[in-house]
Amino acid sequence: MSETATSEGLRQILYRIDGRGYKAYKDIAGTYRFADFTLTVDSVQGDPFAAPSRLRALIPRGVAALPERLYATRSRALGLSCFLARAFAAETSKRSTRRGSGKSGEIRIEAPGQQVLANTAVQVHDDGAVEARFTVGLPSQGRRVLGRQASELLLEALPRIVEDSLFAGSHADDELWLHAAANEDADALRSMLAERGLIAFIADGSILPRSSGVDDRPLGGEAVVAFKSPESLRVEFSLPHAGRVTGMGVAAGVTLIVGGGYHGKSTLLRAIERGVYNHRPGDGRELVVSTADLVKIRAEDGRAVSGVDISAFIGDLPLGKSTRSFSSDNASGSTSQAAAIVEAMESGAGGLLIDEDTAATNFLIRDARMQALVPKESEPITPFIDRVNQLYWEYEISTVLVVGGSGDYLDVADTVIAMETFRPHDVSARAGAVAAAHPTGRVNEVGTPFDVRIQRRPRPGSVDPRKGRRESSIRTRGIQTIQFGRETLDLFAVEQIVHWAQTRAIGAALDYASRRYIDGQRSLSEILDLVMVDIETEGLDVLERRRSGEFALFRRHELAAAFNRLRSLRT
Ligand code: ADP
Ligand code: MG
């Protein structure tokens, strides 16, 4: 257990406890010097079927031997660390074989997927040292320690995994550099969008469609159509490593994506939505980059809403229910969508992304015939079409909207992109002509400025992770569900969460924020600021004392979305 124990010491403990009850494994907690790295056993599982033990390996700079230019900037180090984590994961699936009952013998790391996310699985430190955090199912037969198998696993297999994945010598130089450089290029591109008046860029040659609805890897095969910008929307950037790239710029303002069914509209929007993150080389979306503050908005009937001012979209409801501070345990499609927009404004969104596939029709549009049939006085909804330009003029919030079905939107669009067999065309001019030639006869229903109150103060105690006798009980199931104390938090509609390690970190951040910052005085946006700054300066470990290897960075918008969906939240 002493700080200076060696791997030989670990072997001796494992031999000594061989055949004893599983609890004897507690003896291996501690730090051990191996030939090439130090191994720390942070926590030991209580039995073979419990959550596996948590370990970490620290490889000093001299051993990892990564050339300094690979981690000279934060952005490069991040691209590199995601590559190393995936390499580690690939090695574990080769070498961690079942050794006994339950999860015995299983080594697992929470490697990032297609997106490059700051994470705690593998970190390349500023000094070039590499830290990997992973879990191990300590081998047993029934509840008896298999000490020899454990020794083989930790002293033979693990050092091979570490060497073959985390040492520079195990990879081609140019492959390592590719991952570092590609990430830096994507960051550079994102930082140049605003000055060019853009909210997104899709490089020529990008591959947007995904393998399937549950597989985020690129669609392969002959039928895939690579992206090609229309001439009139083509812009050019010069990137630090890739040099000159061209592609379609999506300008700030109101952009419409139109076209027939199955022509690639949603696929384009989804790529823009994911462009808030960088992607790994080979993904097809390496140079599909959006400004970091675009937020996907959708209808979500049944969700809870707490004290949101949706009066800009929804006037007084039947039975005199006010909408200046709207709360509901069971919002409708349109009220949930209105709430999502105001909540996104509160978290600082710079643009909204809306797909007709997941929007409430009555929220998007009320056409001339419906206006004639149902008078404005008996319709509480001011449709989005009548607010979308105001959102941009008064708040500088852009919108990208997929609408195949409603031509009324042609009147309010700055740019209209038509998808045809997966190819975009700029039809803005034609759309303007069509709009002029076919007046819709509908009248704008807005008589008021876009005035919203977005200063909600969460009440202490309303974000409560306690359950039974436990001070804090937070469990994550998949990407979409957090069991937060006694409440089940459903995040299925928060579509820009892309990895369950983000979901885990969001669960921990809710707890962190409630302990530290929710005092009844601070506004939600101040609380978001404080949490994000803490993570920025101290890393994701600030969220939890035990060093989790299963956290990935999220945006403030997704943390806000989680707060907003807590049924217990009171403001
Ligand atoms: P829409 O929203 O216009 O109805 P989708 O974006 O849902 O269409 O695309 C329809 C189908 O076409 C999806 O299965 C998608 O994966 C596939 N697809 C989208 N873009 C491409 C492309 N560039 N090349 C090949 N298939 C694509
Ligand atoms: Mg669609």
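What you see is a predicted model, and the numbers here were worked out from it, not measured in a lab.

Details of the overall build of the chain
Then, number 1: A tally of helices and strands in the chain yields 14 helices and 27 strands.
Then, number 2: For 571 residues, the compact-globule formula gives about 25 Å, and the C-alpha radius of gyration of the chain, at 26 Å, lands near that figure.
Then, number 3: Taken along the three principal axes of its C-alpha coordinates, the chain extends 85 × 55 × 35 Å.
Then, number 4: Looking at the chain as a whole, 56% of its 571 residues qualify as buried.
Then, number 5: Of the contacts formed within the chain by residues at least 6 apart in sequence, a portion of 72% connects residues at least 24 apart.
Then, number 6: Here the chain displays about 24200 Å² of accessible surface, and carbon together with sulfur accounts for 49% of that area.
Then, number 7: Both charge centroids of the chain, one from 71 positive and one from 74 negative side chains, sit 7 Å from each other.

A closer look at the pairing of strand E23 (residues 415-420)
Then, number 1: In terms of burial, E23 is largely enclosed, as 5 of its 6 residues are buried.
Then, number 2: Linking two consecutive strands that pair antiparallel, namely E23 and strand E24 (residues 423-426), is a turn of 2 residues; a positive phi of about 45° is found at Thr421 within it.

Focus on the pattern of salt bridges
Oppositely charged side chains are able to pair whenever their charged atoms sit close together.
Then, number 1: Across all of its chains, the model carries 42 salt bridges by this definition.
Then, number 2: The residue Glu346 makes a salt bridge to Arg456 at a minimum N-O spacing of 2.6 Å. Note that Glu346 is positioned in helix H7 (residues 333-346) and Arg456 in the loop between helix H11 (428-437) and strand E25 (474-477), a separation of 110 residues in sequence.
Then, number 3: Relative accessible area serves as the criterion here: at 8%, Glu346 is assigned to the buried category.
Then, number 4: Its relative accessible area of 7% is what places Arg456 among the buried residues.

Observations concerning the packing of aromatic side chains
Then, number 1: Within this structure, the stated rule accounts for 10 aromatic pairs.
Then, number 2: Pairing Phe313 with Phe450 gives two aromatic rings, centres 5.6 Å apart and planes at 85°, and the pair type is edge-to-face. Of this pair, Phe313 sits in the loop between strand E19 (305-308) and strand E20 (326-328) while Phe450 sits in the loop between H11 and E25, placing them 137 residues apart in sequence.
Then, number 3: Judged by its relative accessible area of 0%, Phe313 is buried.
Then, number 4: Ring pairs connect the aromatic residues Phe313, Phe363, Phe384, Tyr395 and Phe450, which therefore count as one cluster.
Then, number 5: Over the ring of Trp177 we find Arg69, and its NZ or CZ is 4.2 Å from the ring centre.

Here's the deal with the site of ligand 1
Then, number 1: Around ligand 1, 14 residues are found, and the nearest of them are Val225, Tyr262, Lys265, Ser266 and Thr267.
Then, number 2: Within the backbone of Val225, a nitrogen or oxygen atom sits 2.8 Å from a nitrogen atom of ligand 1.
Then, number 3: Between ligand 1 and Ser266 there is a distance of 2.9 Å, counted from an oxygen atom to a side-chain nitrogen or oxygen.
Then, number 4: Relative to its free-state accessible area of 560 Å², ligand 1 is covered by the protein chains to the extent of 79%.
Then, number 5: Classifying every residue of the shell around ligand 1 gives 7 nonpolar, 6 polar and 1 charged.

Considering the coordination of the magnesium ion (ligand 2)
Then, number 1: Listed as protein donors to the magnesium ion (ligand 2) are Ser266 (OG) and Asp357 (OD); their distances from the metal cover 2.1 to 2.3 Å. Linking Ser266 in helix H6 (residues 265-274) with Asp357 in the loop between strand E21 (351-355) and helix H8 (361-364), this pair joins segments that are 91 residues apart in sequence.
Then, number 2: Relative accessible area serves as the criterion here: at 26%, Ser266 is assigned to the partly exposed category.
Then, number 3: On the basis of relative accessibility, which here comes to 56%, the residue Asp357 falls in the exposed class.

Comments concerning the sheet that holds strand E27 (residues 487-490)
Then, number 1: The strand order E25-E26-E27 describes an open sheet built from 3 strands, whose pairing is antiparallel. The open sheet terminates on both sides in strands that have one partner only, identified here as E25 and E27. Pairwise comparison of adjacent strand axes, ignoring direction, gives a mean angle of 20° for this sheet.
Then, number 2: Direction of pairing for strand E26 (residues 481-484) relative to E27: antiparallel, over a ladder of 4 bridges. Residue pairing across strands places Ile482 opposite Leu489, the latter belonging to E27.
Then, number 3: Strands in contact with helix H12 (residues 500-516) are E25, E26 and E27; relative to E26, the strand with the most contacts, it is inclined by about 25°.

Examining the domain arrangement of the chain
Then, number 1: Domain parsing of the chain yields domain 1 (7-171), domain 2 (294-437) and domain 3 (474-565).
Then, number 2: A straight line from the C-alpha centre of domain 1 to that of domain 3 covers 26 Å.
Then, number 3: In this assembly, 15 residues from domain 1 lie in contact with 16 residues from domain 3.
Then, number 4: Here domain 1 and domain 3 share an interface that buries about 1300 Å² over both sides, 48% of which is from carbon and sulfur atoms.
Then, number 5: Contact with domain 3 buries area across many residues of domain 1, yet Arg54, Glu110 and Arg133 alone supply 40% of it, more than any other trio.
Then, number 6: Between the two partners, domain 1 and domain 3, sit 10 residue pairs in polar contact (both at pLDDT 80 or more).

What counts, and where the lines are drawn
Residues numbered from 1 in each chain as written. Chains lettered and ligands numbered in written order. Predicted model: local features only at pLDDT ≥ 70, side-chain atom pairs only at ≥ 80, totals over all residues. Heavy atoms only, no water. Helix = DSSP H or I, 4+ residues; strand = E, 2+ residues; numbered from the N terminus. Rg over C-alpha atoms; globule rule 2.2 N^0.38 Å. Buried < 20%, exposed > 50% of the residue type's maximum accessible area, 1.4 Å probe, protein only. Contact = heavy atoms within 4.5 Å. Areas by Shrake-Rupley, 256 points an atom, 1.4 Å probe, with all protein chains shown as cover. Lys, Arg positive; Asp, Glu negative; His and termini not counted. Charge placed at Lys NZ, Arg CZ, Asp CG, Glu CD. Pairing = 2+ DSSP bridges. Salt bridge = Lys/Arg side-chain N within 4 Å of Asp/Glu carboxyl O. Phe/Tyr/Trp six-rings, centres within 6.5 Å; stacked < 30°, edge-to-face > 60°. Lys NZ or Arg CZ within 6 Å of the ring centre and 35° of its normal. Near = heavy atom within 4 Å. Polar contact = N/O pair within 3.5 Å; in protein donor to acceptor, adjacent residues only side chain to side chain. Nonpolar A, V, L, I, M, F, W, Y, C, P; charged D, E, K, R; others polar. Donors = N, O, S within 2.8 Å, 3.2 Å for Na, K, Ca; no water. Axes fitted to C-alpha atoms, helices over the stretch in contact; angles between N-to-C directions. Domains from an automatic or database assignment. Buried area = accessible area lost by both parts, 1.4 Å probe.

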